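# Chains, contacts and geometry: an overview
Okay, here's what each chain looks like letter by letter:
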Amino acid sequence: MRALFILAASAAMTASSVVFAADAVPQVPAAPEAVETPVSFTWSGPYAGLHGGYAWGEGDATTAGGGGSDSFDGGRFGGFVGYNWQFSNGFVAGVEGDLNYDWNENSYTGGFDMDTGFSGGVRARVGYAFDRALLYAAGGWTMTNISVDGSGVNDDDTLNGWTVGAGLDYAFTDNVFGRIEYRYNDYGDGSLAGFDTDFNQHVINVGIGVKF
């Protein structure tokens, strides 16, 4: 009987040890869930767009006998293409080209008109990105065609000069952005119907573009 009691006690102690050992094993942690890290917006890459606006132009025409100046104001429409490089500190550099048509025209007594037509340029851009907002300044080369027609006079010349300006691009989506900018264009001088002619503009553009 005593041997049976000792055997039963030993079995109970063994079972208790097994249960305690099982409880002592730590629970295996669950595998961590994958979390997608959001990709921040960048201005880097090519882009293209359309813009329109208004230009306030002033032209001077002089000869040996004198001359004068006049205003040539009107609307404009055009397109632009470019490429940006954005750096980790938010600094953005780029290059951009544009082609436009300007309705800057004036009519004179005597039945002749003077106007500008196609214009364009290539500019370097530098700016700073505040996430989806890009403030920039730009400058470079620009050109325009100016002509006079009527009363037996028909002549035109292409003027080359420089441009400088500043603006704001804002990305509405990862691919579509809006733009507003100011530009000053000094087209230099040329010869038109025997006059030494020069022309400059103040321009406001509003546009929309697509970033690829």
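Located above this text is the structure these notes cover.
Residues numbered from 1 in each chain as written. Predicted model: local features only at pLDDT ≥ 70, side-chain atom pairs only at ≥ 80, totals over all residues. Heavy atoms only, no water.

## A look at the overall build of the protein
Looking only at helices and strands, the protein features 1 helix and 8 strands. Each helix and strand of the protein, placed in order from N terminus to C terminus, yields the pattern α-β-β-β-β-β-β-β-β. For the protein, buried positions account for 35% of its 212 residues. Residue pairs at least 24 apart in sequence account for 61% of intrachain contacts in the protein once pairs closer than 6 positions are excluded. (Helix = DSSP H or I, 4+ residues; strand = E, 2+ residues; numbered from the N terminus. Buried < 20%, exposed > 50% of the residue type's maximum accessible area, 1.4 Å probe, protein only. Contact = heavy atoms within 4.5 Å.)

## Considerations on the pairing of strand E5 (residues 133–150)
In terms of strand pairing, strand E4 (residues 112–130) meets E5 through 16 bridges, oriented antiparallel. Bridge pairing in E5 links tyrosine 128 to leucine 135. The antiparallel hairpin formed by E4 and E5 contains 2 residues in its connecting segment, where aspartate 131 sits at a positive phi of about 60°. Where E5 meets strand E6 (residues 153–171), 18 bridges bridge the pair, whose relative direction is antiparallel. In the strand pairing of E6, methionine 143 is matched with asparagine 160. (Pairing = 2+ DSSP bridges.)

## Quick word on unusual backbone geometry
Phi is positive for aspartate 131, which is not a glycine, with a value near 60°. Structurally, the position occupied by aspartate 131 is in the loop between E4 and E5.

## Points about the pattern of salt bridges
A complete count under the given rule lists 9 salt bridges for this structure. Residue arginine 179 pairs with glutamate 96 through a salt bridge whose shortest N-O separation is 2.9 Å. Of this pair, arginine 179 sits in strand E7 (residues 176–192) while glutamate 96 is found in strand E3 (residues 91–108), placing the two residues 83 residues apart along the sequence. Note that arginine 183 and aspartate 98 form a salt bridge whose closest N and O atoms lie 3.3 Å from each other. Here aspartate 98 lies in strand E3 and arginine 183 lies in strand E7, a separation of 85 residues in the sequence. Looking at aspartate 98, the relative accessible area reads 8%, which means it is buried. Among the charged side chains, a salt-bridge network with shared partners connects Glu96, Arg123, Arg125, Asp169, Arg179 and Glu181. (Salt bridge = Lys/Arg side-chain N within 4 Å of Asp/Glu carboxyl O.)

## Let's talk about the side chain of glutamine 201
Note on placement: glutamine 201 falls in strand E8 (residues 195–211). Glutamine 201 gets classed as buried once you look at its relative accessible area, which sits at 1%. Side chain to side chain, glutamine 201 and asparagine 104 meet in a polar contact 2.7 Å long. Apart from the residues lying within four places of it in its own chain, the contact partners of glutamine 201 are Ala55, Trp56, Gly57, Arg76, Asp102, Asn104, Arg183, Tyr184, Asn185 and Tyr187. (Polar contact = N/O pair within 3.5 Å; in protein donor to acceptor, adjacent residues only side chain to side chain.)

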